[in-house]
Amino acid sequence: KLREALTRAFLDVQSVNPMLKTSLVGVPWIELLASDGVLEVKIERLPGLDEDERLAELISVATRKDWEAFEVVDFWREPGGVYSVFILEDVASDKRLDVTSVISSAVPFKIALQKGLIVDFEKSPGLGLFGKSGAGKTTTLLAFLAQFLAGGSQVYLVDGKNELQALSSVLQRASGVSDVLSMLGYVVAQMEQREDFLGKEGARQQRLGLKASEVGLTPLVVAIDELGALVASAQAKEKAELIALLTQIALKGRSSGVILVVASQFASVDTIPNAVRSQLSTKILLGGAPAELVRMVFPTASPGARSARQFEGFVYVDGQLGREPGRYQVPSLGKLENVSKWGGFVTYYDTERALV
Ligand SMILES: Nc1ncnc2c1ncn2[C@@H]1O[C@H](COP(=O)(O)OP(=O)(O)OP(=O)(O)O)[C@@H](O)[C@H]1O
Ligand SMILES: [Mg+2]
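This write-up is about the structure you can find in this document.

Parameters at a glance
- Residues numbered from 1 in each chain as written.
- Chains lettered and ligands numbered in written order.
- Predicted model: local features only at pLDDT ≥ 70, side-chain atom pairs only at ≥ 80, totals over all residues.
- Heavy atoms only, no water.
- Helix = DSSP H or I, 4+ residues; strand = E, 2+ residues; numbered from the N terminus.
- Expected span 1.5 Å × (residues − 1).
- Buried < 20%, exposed > 50% of the residue type's maximum accessible area, 1.4 Å probe, protein only.
- Arc of directions from axis to C-beta.
- Pairing = 2+ DSSP bridges.
- Axes fitted to C-alpha atoms, helices over the stretch in contact; angles between N-to-C directions.
- Salt bridge = Lys/Arg side-chain N within 4 Å of Asp/Glu carboxyl O.
- Phe/Tyr/Trp six-rings, centres within 6.5 Å; stacked < 30°, edge-to-face > 60°.
- Lys NZ or Arg CZ within 6 Å of the ring centre and 35° of its normal.
- Near = heavy atom within 4 Å.
- Polar contact = N/O pair within 3.5 Å; in protein donor to acceptor, adjacent residues only side chain to side chain.
- Areas by Shrake-Rupley, 256 points an atom, 1.4 Å probe, with all protein chains shown as cover.
- Parallel < 35°, antiparallel > 145°, perpendicular 65-115°, else oblique.
- Left-handed = near helix turned anticlockwise from the far one by under 90°.
- Contact = heavy atoms within 4.5 Å.
- Nonpolar A, V, L, I, M, F, W, Y, C, P; charged D, E, K, R; others polar.

Taking 1.5 Å of rise per residue, 12 residues should cover 16 Å, and helix α2 (residues 52-63) covers 16 Å from first to last C-alpha, within 8% of that figure. Considered for burial, the residues of α2 that qualify are Asp52, Leu55, Ala56, Leu58, Ile59, Ala62 and Thr63. Each buried residue of α2 sits inside an arc of 160° when the element is viewed along its axis, so together they form one side.

See the structure below:
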């Protein structure tokens, strides 16, 4: 339908506009790629119809009626110069997740990032949340942690800014560097036990590549709020230890059901080691961001700064959305701002049970 609407827009412009003096009326080749909330429109550039601004205008006309929520948010020319690519996004509908409403249906390994966008962490192991101070990273992280807890995950929180003491009653939390190191050391030991268990279970069932969920292991979530703050306060030796532990968790976590969630103001290699970064298959960038940060967070996206309203941003899930990051809105915690409400859905976890 959209292709038809676009074709009609092209025919209209050519019949009212004598800019094409040839006897043939050319309608460009159009390719469409649709994913949740994002449309990618690829248009062949024809003589007389090859100005990108003009094409963007035509797209706006064609989408005005049936796709009014969509707006052209970005466009560029493909190398080779044959096609121009336009990214249209649903900029109108409210996708803000109401965490309270999804808690009751939480399942292990899957969480909703926003309305209509669910991520399976057994397929996409890590999540990175970036944005400047006050952008809503901690709020977003809490919305995810609540879902993990409700789905029966064990959660280990590295509280880099030591501001989430209230959560100590519902999850494992560490703040100072030495506490964090011993907590992560414990996680790595758990991970090794899990790997061993998976290996034995594989031998028993004569199967290779068993997933954690297939043998009843529940997720173990390592969440880090402000890794940067922690790294900054660590001495060289501690920093090296910290990076070594995180690298192990990032590289070996997925097969044993260990999930890594990192929130940080910065996305540079100094703050987040490459091995960790490469495991973050879901990325969220909150707030407007300069081109440099966009490139660090979304290396495969089209270059350019991104603007976003407050408590909004961009999300990208490897292999699940199109090529371009889609619009993101910071979830609403609702009554979960009161931590005493968390007790109702947290499964108090018996470590031994997962390994029996
Ligand atoms: N959608 C929203 N609407 C209104 N206020 C919000 C929304 N999301 C978060 N806030 C509030 O904005 C403030 C900053 O959010 P938050 O602490 O999550 O940001 P942050 O990115 O973690 O900041 P920092 O880098 O300083 O830790 C908080 O007071 C939070 O309650
Ligand atoms: Mg924060």
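Quick look at the sheet that holds strand β8 (residues 154-159) now. Pairing within the open sheet is mixed, and its eight strands lie in the order β9-β8-β10-β11-β7-β12-β13-β14. Unpaired on one side and paired on the other, β9 (172-174) and β14 (326-329) mark the two borders of the sheet. Strand-to-strand twist in this sheet, taken as the mean axis angle between neighbours without regard to direction, amounts to 20°. In the sheet, strand β13 (residues 312-317) pairs with β14 via four bridges, with the strands oriented antiparallel. Each residue of the ladder has a partner; that of Gly313, found in β14, is Tyr328.

Take the pattern of salt bridges next. Within the structure shown, the criterion is met by 16 salt bridges. For Asp66, the salt bridge is made with Lys1, and the minimal N-O distance between the two is 3.8 Å. Of the two residues, Asp66 is situated in the loop between α2 and β3 (70-77) and Lys1 in the segment before α1 (2-16); the sequence distance between them amounts to 65 residues. Taking the shortest distance from any N to any O, the salt bridge between Glu214 and Arg207 comes out at 3.7 Å. Assessed through its relative accessible area of 39%, Arg207 is described here as partly exposed.

Moving on to the packing of aromatic side chains. Under the definition given, this model contains five aromatic pairs. Ring geometry for Phe121 versus Phe148: centroids 5.3 Å apart, planes at 65°, classification edge-to-face. Of this pair, Phe121 sits in the loop between β6 (117-120) and β7 (126-131) while Phe148 sits in helix α4 (residues 137-150); the two residues are 27 residues apart in sequence, bridging distant segments of the chain. The two residues Phe121 and Phe148 agree in class, both being buried. The ring of Tyr83 has Lys42 sitting right over it, with the charged end atom 4.7 Å from the ring centre.

On to the site of ligand 1. Every one of the 14 residues lining ligand 1 counts as a neighbour, but Ser133, Gly134, Thr138, Thr139 and Lys161 are closest to it. At 2.8 Å from an oxygen atom of ligand 1 is found a side-chain nitrogen or oxygen belonging to Lys137. In this structure, Thr139 approaches ligand 1 through a side-chain N or O atom, which is 2.6 Å from an oxygen atom. Surface burial for ligand 1 is 65%, taken as the share of its 630 Å² of free accessible area covered by protein chains.

Turning our eyes to something else, we now look at the sheet that holds β3. If you walk across this open sheet you meet the four strands as β1-β2-β4-β3, and the pairing is antiparallel. Looking at which strands have only one partner, the edges of the open sheet turn out to be β1 (30-35) and β3. With strand direction ignored, the average angle separating the axes of adjacent strands in the sheet is 20°. Two strands pair when backbone bridges link them, and strand β2 (residues 38-44) and strand β4 (residues 83-90) are joined in this way by seven bridges, in the antiparallel orientation. Each residue of the ladder has a partner; that of Glu44, found in β4, is Tyr83.

Glancing now at the packing of helix α5 (residues 177-205) against helix α7 (residues 236-252). Packing of α5 against α7 brings their axes to within 10 Å, and their N-to-C directions diverge by 30°. Classified by the angle their axes make, α5 and α7 are roughly parallel. In the crossing of α5 with α7, the sense of the turn from one axis to the other is left-handed. Between α5, through Val177, Val180, Leu181, Leu184, Gly185, Val187, Val188, Met191, Glu192 and Glu195, and α7, the contact on the second element is made entirely by Glu238, Glu241, Leu242, Leu245, Leu246, Gln248, Ile249 and Lys252. By residue class, the composition of the contact of α5 with α7 is 11 nonpolar, two polar and five charged.

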